[in-house]
Amino acid sequence: MNIILLGPPGAGKGTQAQRLIDSQGMVQLSTGDMLRAAVKAGTEIGLKAKAVMDAGDLVSDEIVIGVVSERLEQPDVQASSGVIFDGFPRTSAQAEALDGLLAEKGMTLDAVIEMQVPDELLVGRIEKRAAETGGTRADDNAATLKKRLATYHKDTAPLVEYYRGTGKLRTVNGDQPMDDVTAAILDALAVSA
Ligand SMILES: Nc1ncnc2c1ncn2[C@@H]1O[C@H](COP(=O)(O)OP(=O)(O)O)[C@@H](O)[C@H]1O
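Numbers given for residues are sequential positions, taken from 1 along each chain in its written order. Under the rules for a predicted model, residues below a pLDDT of 70 receive no local features and side-chain atom pairs below 80 are neither given nor counted, while totals for whole chains, interfaces and linings still include all residues. Side-chain measures were taken over the full set of non-hydrogen atoms in the model, leaving aside hydrogen atoms and water.

Novice: Would you mind going over the packing of aromatic side chains in detail, with residue names and values included?
Specialist: Pairing of aromatic side chains requires ring centres within 6.5 Å, counting the rings of Phe and Tyr and the six-membered ring of Trp. Pairs whose planes differ by under 30 degrees are stacked, by over 60 edge-to-face, and all others tilted. One pass over the structure, following the stated rule, counts two aromatic pairs. Taking 6.2 Å as the distance between ring centres and 45 degrees as the angle between the ring planes, the aromatic pair formed by F85 and F88 counts as tilted. In this pair, the class of F85 matches that of F88, namely buried. For every residue, the accessible area (1.4 Å probe, protein chains only) is compared with the maximum for its type, and the residue is labelled buried under 20%, exposed over 50%, or partly exposed between those bounds.

Now the structure itself:
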């Protein structure tokens, strides 16, 4: 089973992805984590991505699609029961590229889980995360968050309609206790913990 977790920054995608990894034996493919790792390692991609990420803008489709394509070839992905795409796709071009990549690799997309959380709540959540992680993410601050939310609404939210058109969209209320969100996702996927 291959799925996409779609939702704004702070929606809880990472938390829910971890629970799916634990209960379903899936692997998480987080483009945010992968890009942060590239920044940390000082690779060419990391050097290109850093300023863009810090500003709350999107890294180029070309870079992100390349990173995802490579990741899909790795043995742990091949051996897993499925992939959780987290933070990807984020633009229409990425969604179309993902369709192509999956077809090329003989994989199918089973569901797209849209996690809905009102903007007002996201600000509080991200500020809390910034405090807890002691500022390890340069983009977790009020100014950048505003920009990331605006980017989400402009570039990423349109994907909801794209995936609704495929019949694979499942919408989950992300504004409820974490366990309830997990239950709603498992229900939407018709699997059990
Ligand atoms: N699919 C993507 N396309 C372009 N940029 C991306 C993508 N995924 C991550 N990034 C970059 O990494 C940053 C952090 O991503 P992520 O950890 O997914 O953040 P969020 O908490 O906003 O969901 C984004 O603001 C963006 O600059």
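Novice: Can you tell me about the site of the ligand, naming the residues and giving the values?
Specialist: Nearness here has a simple test: a residue counts as near a molecule or strand if at least one of its heavy atoms is within 4 Å of that partner. Within the structure, the ligand sits among 19 residues, and T31, R36, D57, G87 and Q94 are positioned closest to it. Whenever two N or O atoms come within 3.5 Å, that pair is a polar contact, provided that in protein one can donate a hydrogen and the other can accept it, and provided that, for residues adjacent in sequence, both atoms are side-chain atoms. One of the backbone N or O atoms of G87 is found 2.9 Å from a nitrogen atom in the ligand. Residue R137 places a side-chain N or O atom 3.2 Å away from an oxygen atom belonging to the ligand. Considering the ligand on its own, with 550 Å² of exposed area, one finds that the protein chains cover 96% of that surface. Ten residues, namely Ala, Val, Leu, Ile, Met, Phe, Trp, Tyr, Cys and Pro, are considered nonpolar, four, namely Asp, Glu, Lys and Arg, are considered charged, and the remaining ones, Gly among them, are considered polar. Split into classes, the residues belonging to the shell around the ligand amount to seven nonpolar, four polar and eight charged. Here the accessible surface of atoms and residues is derived via Shrake-Rupley with a 1.4 Å probe, and residues count as covered only by protein chains that are part of the display.

Novice: Quick rundown of the pairing of strand β3 (residues 83-86)? Include the residues and the values.
Specialist: Judged by which residues are buried, β3 turns out to be covered on both faces: V83 and F85 on one side and I84 and D86 on the other are all buried. Here strand β1 (residues 3-6) runs beside β3; their pairing, made up of three bridges, is parallel. Bridge assignment links I4 to a residue of β3, and that residue is F85. Strands pair, by our definition, only if DSSP identifies at least two bridges between them. A run of H or I in DSSP becomes a helix once it reaches four residues, and a run of E becomes a strand once it reaches two; helices and strands are each numbered from the N terminus. Pairing geometry for strand β2 (residues 27-30) and β3, over four bridges, is parallel. When the sheet's bridge partners are listed, Q28 is paired in β3 with I84.

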